[in-house]
Structures are given as structure tokens and as C-alpha cells.
Number of protein chains: 2
Amino acid sequence: MSKVDSPEVAVRLAEIVGPGNVITGPDVPEDYAHDEALTGEPQLPRHVVRPGTVEEVSALLVAAGELGVPVTARGSGSGLSGAARPQPDGLVISFERMNAVLEIDTVNHVAVVQPGVTLSELDERTAEAGLSYTVYPGELSASVGGTVGSNAGGMRAIKYGVTRHNVLGLQAVLGTGEIIRTGGRTTKVSSGYDLTQLIIGSEGTLALATEVIVKLQPRLAHTATVLAPFTDLDQVLAAVPEIISSGLAPNILEYIDAFTMAAITYTAELTLGVPDDVREASQAYLVVGMENRDSERLHSDVETLGELLTGIGAADVYVLEGTSARKLIEAREKAFWTAKAAGADDVIDVVVPRSAMAAFLAKARELATEAESGVVGCGHAGDGNVHLAVFQKDPQRRATLLHDIFAVGMDLGGAISGEHGIGRAKKEHFLELEDPAKLDLLRRIKQTFDPAGILNPGVLL
Amino acid sequence: MSKVDSPEVAVRLAEIVGPGNVITGPDVPEDYAHDEALTGEPQLPRHVVRPGTVEEVSALLVAAGELGVPVTARGSGSGLSGAARPQPDGLVISFERMNAVLEIDTVNHVAVVQPGVTLSELDERTAEAGLSYTVYPGELSASVGGTVGSNAGGMRAIKYGVTRHNVLGLQAVLGTGEIIRTGGRTTKVSSGYDLTQLIIGSEGTLALATEVIVKLQPRLAHTATVLAPFTDLDQVLAAVPEIISSGLAPNILEYIDAFTMAAITYTAELTLGVPDDVREASQAYLVVGMENRDSERLHSDVETLGELLTGIGAADVYVLEGTSARKLIEAREKAFWTAKAAGADDVIDVVVPRSAMAAFLAKARELATEAESGVVGCGHAGDGNVHLAVFQKDPQRRATLLHDIFAVGMDLGGAISGEHGIGRAKKEHFLELEDPAKLDLLRRIKQTFDPAGILNPGVLL
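Residues numbered from 1 in each chain as written. Chains lettered and ligands numbered in written order. Predicted model: local features only at pLDDT ≥ 70, side-chain atom pairs only at ≥ 80, totals over all residues. Heavy atoms only, no water.

J.: Could you give me a rundown of the overall build of chain A, with the residues and numbers involved?
T.: The secondary structure content of chain A amounts to 17 helices and 18 strands. At 23 Å, chain A has a C-alpha radius of gyration in line with the 23 Å of a compact globule built from 461 residues. Within chain A, the fraction of its 461 residues that count as buried is 62%. In chain A, once contacts between residues fewer than 6 apart in sequence are set aside, the share between residues at least 24 apart is 75%. Summing over all exposed atoms, chain A offers an accessible surface of approximately 16200 Å²; the carbon and sulfur share of this is 50%. Charged side chains of chain A number 37 positive and 61 negative; the gap between the two group centres comes to 4 Å. (Helix = DSSP H or I, 4+ residues; strand = E, 2+ residues; numbered from the N terminus. Rg over C-alpha atoms; globule rule 2.2 N^0.38 Å. Buried < 20%, exposed > 50% of the residue type's maximum accessible area, 1.4 Å probe, protein only. Contact = heavy atoms within 4.5 Å. Areas by Shrake-Rupley, 256 points an atom, 1.4 Å probe, with all protein chains shown as cover. Lys, Arg positive; Asp, Glu negative; His and termini not counted. Charge placed at Lys NZ, Arg CZ, Asp CG, Glu CD.)

Structure, rendered in C-alpha cells:
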């Protein structure tokens with residue numbers, strides 16, 4: 001079916017985006033062969049194109065449909081699911097040229113951006129207006145388009161929700177080349193099925209977002225980070241609902257196990273001021289971020305939080321300010337890179353109800369021990385989103401272990417991925433463990449957006 | 001195709017739900033013939049059934065598919081879109097018996113409820129746990145299932161979002177009778193297309209929710225309501241972004257025009273303490289709700305808000321407490337009933353970006369004047385969601401006026417309905433004004449959930 005090898009393809013692509021924006025065959029740089037997933041072999045695509053407009057994206061999808069060429073969208077390539085790894089006979093549509101912040105709208109409190117804008121660029125632009133886009137996955141070089149594809153989460157989801165709660169509208173191109181607009185600059189819409197939400201998290205398999213309207217929040221001036229070591233991980237997890245019920249509304253609520261804390265602080269050359277005896281007795285840490293528009297209120301809240309943590313069994317409470325606070329959060333954000341450098345063979349981000357985190361972690365460790373493997377990690381404790389680095393060289397044993405861990409998470413009412421996505425890396429597990437009736441429904445939905453099946457085949461489904 | 005008249009239908013329904021839970025033909029009470037939409041003739045269905053379990057709902061849909069009987073789901077019947085008005089040869093599935101609060105989960109901060117639970121029942125149960133389900137449309141007799149169908153909003157959306165932002169998971173039955181579970185007790189999920197969000201707001205056309213997991217928030221102990229009259233409606237609307245940027249995080253932000261304020265306070269026998277001269281000079285009012293877990297902070301915030309409002313041009317600022325605050329909010333919630341009693345011929349709830357509210361209202365009034373009609377109203381100013389009572393007896397002139405008003409709203413970047421839904425009442429306008437490519441896509445999606453087309457035909461599409 002595919003005519004990808006015929007010279008007509010490169011010619012047609014060049015007609016659409018201009019010859020300077022097509023790279024073909026051996027000229028394709030290695031970077032386009034992969035994202036940051038730890039598993040799976042890099043795969044160079046046949047062509048890379050860099051469109052500049054939505055009309056070009058539309059024409060590219062029409063051409064791909066006619067020629068039978070599989071299409072993979074790419075933002076910054078910082079994803080962890082393999083969803084940006086192309087097919088060997090495929091076309092990568094890279095959004096690197098569609099990288100404009102089109103508007104910071106301070107009346108409706110939204111930003112309108114192209115998909116290639118990175119989160120750090122958006123953060124800079126919103127800061128100028130005293131506003132903030134609150135989706136902060138660890139990697140701020142991620143593109144907005146990529147975070148839409150994966151429904152990225154991050155630490156601040158405990159207060160502000162994930163990408164799906166902060167994207168109000170899209171311009172997107174279906175697999176057919178049709179251009180649609182969904183949602184808008186409003187929170188409320190009840191006028192037909194929510195296509196915005198359907199496209200978010202669809203990992204490039206339904207439609208390609210060419211413009212994104214994101215919700216902005218007032219940027220609160222005062223922040224503090226509270227670190228509490230506990231002798232027992234279960235105590236950390238039991239503290240979480242207490243903190244949420246208190247109404248203190250933390251914007252970060254993370255746990256870090258002792259092994260991971262040692263690794264990330266060592267890597268970041270970070271000293272937290274925790275005395276040796278406390279550190280040695282600690283099995284895990286809770287990191288709580290607080291913010292307020294008023295500095296006195298912040299201090300009073302931090303005090304209340306400290307009392308609450310001590311009451312729940314924290315060995316001590318450290319209030320980090322300025323540089324050390326920022327460095328700890330950055331070190332936590334870079335936990336993936338630390339795990340990679342330590343030789344982790346995979347990273348996973350199972351999500352379970354937060355009530356089930358202790359049971360999930362106990363069971364995951366038990367399974368790992370049985371499989372002569374290691375799992376260590378940290379996670380978004382408020383959201384039940386557990387990031388585990390998995391150490392097991394043998395691919396077959398690792399696959400079995402992951403399957404068992406995912407099955408435990410799903411049995412506990414959770415899902416395989418809370419924020420990374422399924423992509424290629426976790427697809428086999430997803431297809432094995434998910435309800436077949438739902439998988440059939442997802443396949444039928446895919447068909448309605450992309451009848452020719454050109455959008456990221458082999459990803460998710 | 002339909003075998004609805006044959007005796008076998010009633011027999012089969014009785015086999016599924018028991019003879020005591022089937023009402024047929026002339027025995028069907030008039031209440032099942034309509035919801036609260038002001039337009040459209042009531043229509044009695046052929047059968048009403050009251051299932052008690054998800055298995056019964058599934059068996060009912062299988063039977064309806066085989067027999068070709070159109071199915072309309074019904075909660076409390078308090079909707080405003082006509083989505084619960086059945087077909088003459090149709091089956092109403094009433095969820096009145098599936099009305100249990102299954103769990104108030106204080107660790108994950110969710111409630112698990114059956115669709116027939118009303119919002120007031122849920123409010124009572126969550127209050128006992130110090131928690132709150134923050135979706136408060138005007139009508140608290142609404143069922144949770146109905147609010148899922150319409151993606152209900154209400155006043156507190158400015159702080160907490162609408163139904164779609166507060167429902168984490170569903171159990172639902174597809175048109176095929178297949179039972180699926182979507183989402184769960186977690187905020188983060190990135191494992192396949194978001195079926196929860198697709199079903200929310202689908203007005204009974206894709207699947208019937210048989211269990212709903214909703215997010216709960218800490219119930220904050222201290223509240224205040226601030227009322228500010230303005231001589232000019234545009235000033236009211238200009239105040240909105242200032243209040244949001246301030247970070248004061250109001251949980252209510254409403255405008256009420258002078259006509260509507262007079263009507264609702266008269267109906268509620270409510271005295272607000274606004275002196276006659278101020279009242280007479282006022283064209284519109286802003287109502288701002290504030291809440292805090294700490295009473296001192298609340299008072300200080302109310303003071304800051306008062307200064308802000310005066311600075312923006314409020315004629316005065318009144319802080320309402322206790323009974324009068326509650327009564328004003330209740331009167332506002334009952335604005336629909338006041339409009340109905342005043343002889344309004346329709347109510348609409350267009351949503352536009354809040355920056356476009358002034359332009360939208362000016363244009364809507366102009367169109368109404370040209371059509372010798374009246375439009376007055378109030379609305380969720382923070383959300384750009386404008387509720388207008390439309391006075392025009394002639395159906396053809398009214399239809400033309402609504403069409404023109406909806407077209408203006410959509411041109412300004414908005415949608416026909418912010419929270420009521422399209423249903424039957426606004427369907428013709430929706431089909432005329434919406435992008436045909438999107439309508440085609442919605443129809444294809446509908447087909448994937450409901451291949452036999454039995455779920456609420458004639459609604460939305």
C-alpha cells in the first residue's frame with residue numbers, strides 16, 4: 001500500500017512545506033529516531049517535515065492518506081512512552097517551526113500557543129503578565145503539543161489538575177486533513193461531545209493539535225517548600241489525606257523514598273540540612289509545596305502544616321527557602337535522569353487511588369524481590385501517581401514483572417500510566433490488561449478521526 | 001422497524017426489571033412527558049421502566065436494540081434542554097430507584113454515587129464528612145446522572161470548574177448493552193482516550209451512566225457574599241478580570257441586571273438594604289461569593305475586595321451575611337423560575353469569552369429590539385455564561401431572534417450553551433450553526449457507542 005519509497009513522496013512533501021523543510025532518507029538526524037523512553041530501539045523515519053501553518057499540516061495529512069504513509073507528530077521529543085518514535089517507512093511532522101506564543105490574554109486568562117512552544121518559553125511569557133500555566137511536568141523543554149498528546153501531569157496537579165483540566169480549546173487536524181476548532185476561551189461549554197478532551201491524551205493517534213488555548217492562573221508571589229522525613233513510608237502515605245482535608249491547599253505533595261532521595265541529592269550536589277541520625281533512620285520523605293499571594297499567610301500556613309506533620313509522625317520538619325527549595329524541586333524533577341544514569345532499565349508511572357499507594361508499593365516491591373529485580377522511586381503522593389525505576393536487565397523477566405505490577409495497579413482501581421502515556425513502550429501491557437470492550441470502543445473512535453489509519457499506527461492501540 | 005406496539009415489548013421489559021417497575025401506555029404519568037425546557041410539546045413515552053441494577057440497564061438496552069425502541073434516560077427531569085423528553089414510541093429509563101450514595105471516601109476525597117442521587121442528598125452526605133461536591137447548578141433537586149448528561153455548571157464553576165472537571169470516573173452502559181468502567185478515584189490518568197469526558201455532556205446519546213465517581217473538596221467553614229451595584233453594566237463586566245487577577249479566588253462571580261434583580265428580590269420577598277437612590281441609579285449588580293477556612297482571612301479578603309470594587313466604580317459595596325446572603329444566592333438560583341413566572345417564552349445560556357460579554361449583551365439587546373422582543377437576564381460573569389430570558393410570543397420570530405443571538409455568540413468565540421445543553425430545544429440552531437465537519441465527526445462518534453441509534457434519537461444530533 002505504501003508508496004513511501006517512490007520519489008513522488010519527497011516531491012509532494014516539498015511542494016507542501018517548501019524544499020528547505022523536508023529531510024529525507026540518510027539526511028534525517030538521529031534525534032528524530034526516538035523520544036526519551038528507556039526501552040525500544042530508535043527508528044529513523046523516511047521523511048521529516050517542518051510545516052509552518054495549519055494549512056500545511058492539513059495538506060500533509062491529505063497527502064499521507066493518499067500515499068499510505070504513517071505519520072508521527074513530534075514536539076520536543078522529551079516524552080517517555082515512545083509515542084514519538086516513528087515507523088521506518090514513516091513521516092515525522094515536527095512542530096519546531098510552529099512555536100509562537102500567539103497571545104497572552106489577560107482578560108480571559110488564557111494563552112493561545114502553537115504546539116511547538118516549550119513549557120519554559122510559555123512560563124517566561126506568562127510570568128511577564130503575572131500569570132502562570134500550572135502544568136509542570138519534570139521536563140520544561142517539553143512542547144505544549146507534546147503535553148497535549150500525553151495529557152502531561154507533573155507536581156502541581158494536586159492543586160491545579162493535569163493538562164486535560166487546563167486546556168480549554170484546540171485547533172486540530174484530523175487524519176482526513178479536515179481542520180476543526182474545539183472549545184474556546186471559556187471554561188463552560190455544553191454544546192456537543194467534548195472533542196478537546198478526546199484529543200488530549202490520544203498520543204497523536206486521533207488528530208494533530210495545531211493551536212492550543214490554555215488556562216492561566218494568577219502567579220502567587222510567595223512560596224515555601226517543606227521537607228519532612230519519616231521512619232516509615234506508610235506514615236508518609238497516611239499523612240496525605242490529612243494534609244488535603246486541612247484545606248491548606250498545597251501545590252506540591254510528593255513522596256521520595258530514601259534511596260531516591262540519596263541519589264537525587266547526590267546528583268544535584270544538594271545538602272538539605274537533615275542531620276545524619278535522622279537521615280539514617282528515614283525510610284521516606286514528604287515534600288510539600290505551599291504558595292500564597294500574602295507572605296504572612298504563607299508563614300502561618302507553613303507553621304500549621306509543620307504542626308500537622310509532626311502530629312502525624314514526621315521525624316522533623318524542615319522549611320526550605322530560596323535556592324535550596326528550588327534545588328530540591330529541580331532535583332526531584334530530574335529523578336528520571338538520575339534513574340537513567342543509575343542504570344535503570346525502565347521507568348513506569350502507575351497511578352492508583354492514593355488510599356491504595358501503600359498496598360501497591362508493598363506488592364510491587366514483593367514482586368520485584370521475587371523477580372530478583374529492583375524498584376525504587378518517588379511519586380506524586382497526592383495523586384497516587386507512583387514513579388518507579390525498574391532494574392532488571394533481562395527483557396523477558398522485566399516484561400513479566402511489569403505486567404504483574406501493572407495488573408496489581410489496575411486491580412487496585414488504577415491505570416498503567418498516570419501521565420507518561422502508553423505509547424509504544426507500554427502498549428503490549430495495555431492491550432493485555434485493558435477491558436476488551438473498551439479497547440474495541442477505542443479502536444472504533446480512532447477510526448472516526450483517522451479512517452485511513454495513518455496517525456501514529458502502532459502507538460496505544 | 002420498531003416493534004414498540006407489540007405486547008412482547010412490555011412482557012420483555014417486565015422480565016428484566018420486574019412487573020412492578022414497568023409502566024405502559026395510558027398509565028404513564030404526565031411528568032415523564034417533559035423536563036423543564038420552556039419550549040416544545042410534552043410527549044408521553046410508550047413505556048417507563050425503573051431498573052435497580054446496572055445489569056438490568058444493560059439488559060434493557062440489549063432489548064431496546066433488538067426491538068428498535070428509542071431510549072431516553074431520566075434523572076429528576078429538571079433539565080432545561082428537552083433532552084429528557086422522550087419519543088412517542090419510546091422507552092424512558094428512569095433512575096429513580098438507583099439513588100444510593102454508595103460511598104463517601106474521605107481518603108481519596110471522592111464520592112461514589114448512583115445516577116439517581118440528587119445534588120441536595122449528596123450535599124447532605126458530604127457535609128457530614130466536612131467535604132463538598134462543588135457543582136451547584138441552580139436546581140439542587142437535579143440528579144447526578146442528569147448533571148453528567150448535561151455537563152452542568154452553576155455558580156461555583158468560577159473556582160471549581162463544571163461537572164466535567166469534577167467527575168473522575170463512570171460505570172456506563174453503551175447502546176450495545178456493554179458495561180464499561182472509565183477513569184477511577186484518581187485525577188491523573190493517561191492510558192487511552194478519555195471516555196469519561198466523552199460521555200459527560202453527551203445528553204444520553206452515547207451511554208447511560210450507572211455509577212459516578214465525583215471529586216470532593218474540603219468544605220470551608222466561613223463564607224461571605226458581597227453585593228456591588230454599578231450604574232453601568234459594562235463596568236460590571238470590566239471588573240471581572242480585575243477580581244480574578246487579584247488572586248482573591250472568589251467561588252461566586254455573578255452579574256444580575258437591574259430588571260432581573262428587581263424581579264428575583266420581589267419574588268423572594270428579599271430586602272438587600274440598598275438605598276432607593278442607589279438602586280434607581282443602578283443598571284446592574286455584581287455578586288461575589290468568598291470562602292475561607294479562616295474567618296479572619298475571610299474578613300480581610302472581603303475588605304480587599306470592597307476596596308477593589310470601589311476603585312473600579314461600584315456605587316457602593318454591601319457585605320451580606322447569614323440569612324440575607326443565603327437568600328440572595330437562592331433567589332439568583334431561582335432566576336429561571338422567576339423568568340418562567342414572568343412569562344418568558346424561552347431561556348438561553350450562551351457562553352462567550354468573558355472579554356466578549358459586553359459586546360455580546362449589547363448586540364443581543366439590539367437584535368431583540370429590532371425583533372420587538374425583550375431579553376433580560378443575569379449570568380455567571382466569571383465564566384462568560386449569559387442567561388437570558390427571551391420574551392417573544394411568536395415562535396417564528398423567536399426562532400429567528402435566537403438564531404441571530406446564537407450566531408453572534410459563536411462569532412465571538414462562544415457556544416450556544418454553557419451548561420444547559422443542546423437537547424431538543426436548541427438542536428435546530430446547533431445543526432445550522434455548527435461546523436459541518438465537526439457535526440459529521442460527532443455523528444460518527446455516536447455510531448461507535450450506539451450503532452443501532454437507540455439512545456435519545458432526535459437529541460443533540
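Still to come is the rest of the account.
J.: Tell me about the sheet that holds strand β1 (residues 22-24) of chain A, residues and numbers included.
T.: All names here are of chain A. Spatially, β1-β2-β4-β3 is the arrangement adopted by the four strands of the open sheet, whose pairing is mixed. Every interior strand has two partners, whereas the edge strands, β1 and β3 (71-74), have only one. Averaged over all pairs of adjacent strands, the angle between their axes in this sheet comes to 20°, without regard to strand direction. Of the pairings in the sheet, the one linking strand β2 (residues 47-49) to strand β4 (residues 91-94) comprises three bridges and is parallel in character. Directly across from Val-48, in β4, lies its bridge partner Val-92. Docked against the sheet, helix α1 (residues 7-17) engages β1, β2 and β4, running at close to 5° with respect to β2. (Pairing = 2+ DSSP bridges. Axes fitted to C-alpha atoms, helices over the stretch in contact; angles between N-to-C directions.)

J.: So what's going on with the interface of chain A and chain B? Which residues, and what values?
T.: Across the contact, 77 residues belong to chain A and 77 residues belong to chain B. For the pairing of chain A and chain B, the buried interface totals around 6300 Å² over both sides, and the portion due to carbon and sulfur atoms is 58%. It is Lys-188, Ser-190 and Tyr-193 of chain A in chain A that bury the most area against chain B; as a group they hold 16% of the surface buried on that side. Here chain A and chain B share 10 salt bridges between them. Among the ionic pairs, Asp-301 of chain B bridges to Arg-297 of chain A, the shortest N-O distance being 2.8 Å. For the interface between chain A and chain B, the tally reads 44 residue pairs in polar contact (both at pLDDT 80 or more). Put simply, the parts of the chain that give the side of chain A that touches chain B at least two residues each are α6 (163-166), β9 (179-183), α7 (195-199), α8 (233-245), α11 (295-312) and α17 (436-449) of chain A. It is α17 of chain A that provides the largest number of residues to the side of chain A that touches chain B, a total of nine residues. Residues that form the side of chain A that touches chain B fall into these classes: 29 nonpolar, 32 polar and 16 charged. (Buried area = accessible area lost by both parts, 1.4 Å probe. Salt bridge = Lys/Arg side-chain N within 4 Å of Asp/Glu carboxyl O. Polar contact = N/O pair within 3.5 Å; in protein donor to acceptor, adjacent residues only side chain to side chain. Nonpolar A, V, L, I, M, F, W, Y, C, P; charged D, E, K, R; others polar.)

J.: So what's going on with the environment of Thr-24 of chain B? Which residues, and what values?
T.: Residues and elements named next belong to chain B. Tracing the backbone through its elements, the reader meets Thr-24 in strand β1 (residues 22-24). Looking at Thr-24, the relative accessible area reads 28%, which means it is partly exposed. In sequence terms Thr-24 and Asp-89 are 65 residues apart; their C-alpha atoms lie 11 Å from each other. Excluding residues within four positions of it along the chain, Thr-24 makes contact with Ala-10, Arg-46 and His-47. A distance of 3.0 Å separates a polar atom in the side chain of Thr-24 from a polar atom in the side chain of His-47.

J.: Outline the domain arrangement of chain A, supporting the account with residue identities and numerical values.
T.: The domain architecture assigned to chain A consists of domain 1 (7-97), domain 2 (101-218), domain 3 (222-335) and domain 4 (343-442). If you average the C-alpha positions of domain 1 of chain A and of domain 3 of chain A, the two centres end up 43 Å apart. (Domains from an automatic or database assignment.)

J.: Please provide a residue-by-residue account of the UniProt feature "domain: FAD-binding PCMH-type" (unreviewed entry) in chain A, values included.
T.: The sites that carry the UniProt feature "domain: FAD-binding PCMH-type" (unreviewed entry) are, in the present numbering, residues 41-219 of chain A. Taken end to end, residues 41-219 of chain A comprises 25% helix and 26% strand; its first and last C-alpha atoms sit 41 Å apart. (UniProt positions renumbered as here; feature names shortened; annotations may be inferred.)

J.: Provide a residue-level description of the relation of the copies chain A and chain B, including the pertinent values.
T.: Between chain A and chain B, the superposition needs a rotation of 180° and an axial shift of 0.0 Å, giving an RMSD of 0.0 Å. With respect to symmetry, the two chain copies, as superposed, fit the operation of a two-fold axis. Mapped onto chain B, 100% of the interface residues of chain A are again interface residues, and the two copies thus contact each other with one and the same surface. (Least-squares fit on C-alpha atoms with pLDDT ≥ 70 in both.)

J.: Tell me about the pattern of salt bridges, residues and numbers included.
T.: Residue and element names in this part refer to chain A. Following the criterion strictly, the structure yields 51 salt bridges over all chains and no others. A salt bridge links Asp-450 to Lys-446; its shortest N-O distance comes to 2.7 Å. Across the pair, Lys-446 and Asp-450 agree in class, each one buried. Connected through salt bridges with shared partners, the residues Glu-103, Asp-105 and Arg-185 form a single ionic network.

J.: Tell me about the sheet that holds strand β14 (residues 284-292) of chain A, and please be specific about residues and values.
T.: All names here are of chain A. The seven strands are arranged β15-β12-β14-β13-β17-β18-β16 in an open sheet whose pairing can be described as antiparallel. Two strands close off the open sheet at either side, each with one partner strand: β15 (318-320) and β16 (346-348). Each adjacent strand pair in this sheet contributes to an overall mean axis angle of 20°, direction not counted. The pairing of strand β12 (residues 222-230) with β15 spans three bridges and is antiparallel. Each bridged residue has a counterpart across the sheet, and for Val-226 the counterpart in β15 is Val-319. Sitting on the sheet, helix α14 (residues 357-370) is in contact with β13 (252-257), β17 (374-380) and β18 (385-391), with an inclination near 10° to β18.

J.: Give a detailed account of α11 of chain A, specifying residues and quantitative values.
T.: One turn of an α-helix holds 3.6 residues; hence residues three or four places apart share an orientation. The end-to-end C-alpha distance of α11 of chain A, which contains 18 residues, comes to 26 Å, matching closely the 26 Å that a straight helix rising 1.5 Å per residue would cover. Taken together, the buried positions of α11 of chain A are Arg-297, Leu-298, Asp-301, Val-302, Leu-305, Gly-306, Leu-308 and Leu-309 of chain A. Buried-residue contacts for α11 of chain A involve β12, α8, β14 and β15 of chain A together with β14 (284-292) and α11 (295-312) of chain B. Between the side-chain oxygen at the start of α11 of chain A and the backbone nitrogen of Glu-296 of chain A there is a gap of 3.0 Å, and the oxygen is on Asp-294 of chain A. Within two residues after α11 of chain A, Gly-313 of chain A carries a phi angle of roughly 120°, on the positive side. (Expected span 1.5 Å × (residues − 1).)

J.: Tell me about the pairing of β14 of chain A, and name the residues and values.
T.: Residue and element names in this part refer to chain A. Burial analysis of β14 places nine of its nine residues in the buried class, which makes it a mostly covered element. Neither face of β14 is exposed, since Ala-284, Leu-286, Val-288, Met-290 and Asn-292 on one face and Tyr-285, Val-287, Gly-289 and Glu-291 on the opposite face are all buried. Of the pairings in the sheet, the one linking β13 to β14 comprises six bridges and is antiparallel in character. In the sheet register, Asp-257 faces β14, and the bridge partner there is Ala-284.

J.: Give a detailed account of the packing of helix α8 (residues 233-245) of chain B against helix α14 (residues 357-370) of chain B, specifying residues and quantitative values.
T.: Residue and element names in this part refer to chain B. In the contact formed by α8 and α14, the axes pass within 9 Å of each other and the chain directions differ by 150°. If you check the angle between α8 and α14, you find them roughly antiparallel. Across the interface between the two elements, Leu-233, Asp-234 and Leu-237 of α8 pack against Met-357, Ala-358, Leu-361 and Arg-365 of α14. Looking at the contact of α8 with α14, its residues break down into five nonpolar, no polar and two charged. (Parallel < 35°, antiparallel > 145°, perpendicular 65-115°, else oblique.)

J.: Provide a residue-level description of the packing of aromatic side chains, including the pertinent values.
T.: All names here are of chain A. According to the stated counting rule, one finds two aromatic pairs over all chains in the structure shown. Measuring from centroid to centroid gives 5.0 Å for Phe-336 and Trp-337, while their planes differ by 70°, and the two rings are edge-to-face. Judged by relative accessible area, Trp-337 falls into the partly exposed class, the value being 34%. Here the basic side chain of Arg-156 rests over the ring of Tyr-136, its NZ or CZ set 3.5 Å away from the ring centre. (Phe/Tyr/Trp six-rings, centres within 6.5 Å; stacked < 30°, edge-to-face > 60°. Lys NZ or Arg CZ within 6 Å of the ring centre and 35° of its normal.)

J.: Help me get a handle on the nonpolar core, residues and values and all.
T.: Ranked by size, the top nonpolar core spans 174 residues in total, and within it Leu-286, Ile-445 and Phe-449 of chain A together with Leu-286, Ile-445 and Phe-449 of chain B carry the most contacts. With residues near it in sequence (within four places) discarded, Leu-286 of chain A still touches Val-226, Leu-227, Ala-228, Phe-230, Val-236, Ala-239, Val-240, Ile-243, Leu-253, Glu-254 and Leu-309 of chain A. (Core = buried A, V, L, I, M, F, W, Y, C linked by side-chain atoms within 4.5 Å.)

J.: Can you break down the environment of Ala-228 of chain B residue by residue, with the values?
T.: All names here are of chain B. Locating Ala-228 in the fold gives a position in strand β12 (residues 222-230). We classify Ala-228 as buried; its relative accessible area is 1%. The sequence separation of Ala-228 and Thr-187 amounts to 41 residues, and the corresponding C-alpha distance is 37 Å. Among all residues touching Ala-228, those that are not within four sequence positions of it are Ala-284, Tyr-285, Leu-286, Leu-309, Ala-314 and Asp-316.

J.: Can you break down the side chain of Asn-251 of chain A residue by residue, with the values?
T.: Residues and elements named next belong to chain A. Inspection of the secondary structure puts Asn-251 in the loop between α8 and β13. There is a polar contact of 3.3 Å between the side chain of Asn-251 and the side chain of Glu-291. Beyond its immediate sequence surroundings of up to four residues, Asn-251 is in contact with Met-155, Arg-156, Ile-158, Lys-159, Tyr-160, Gly-289, Met-290 and Glu-291.

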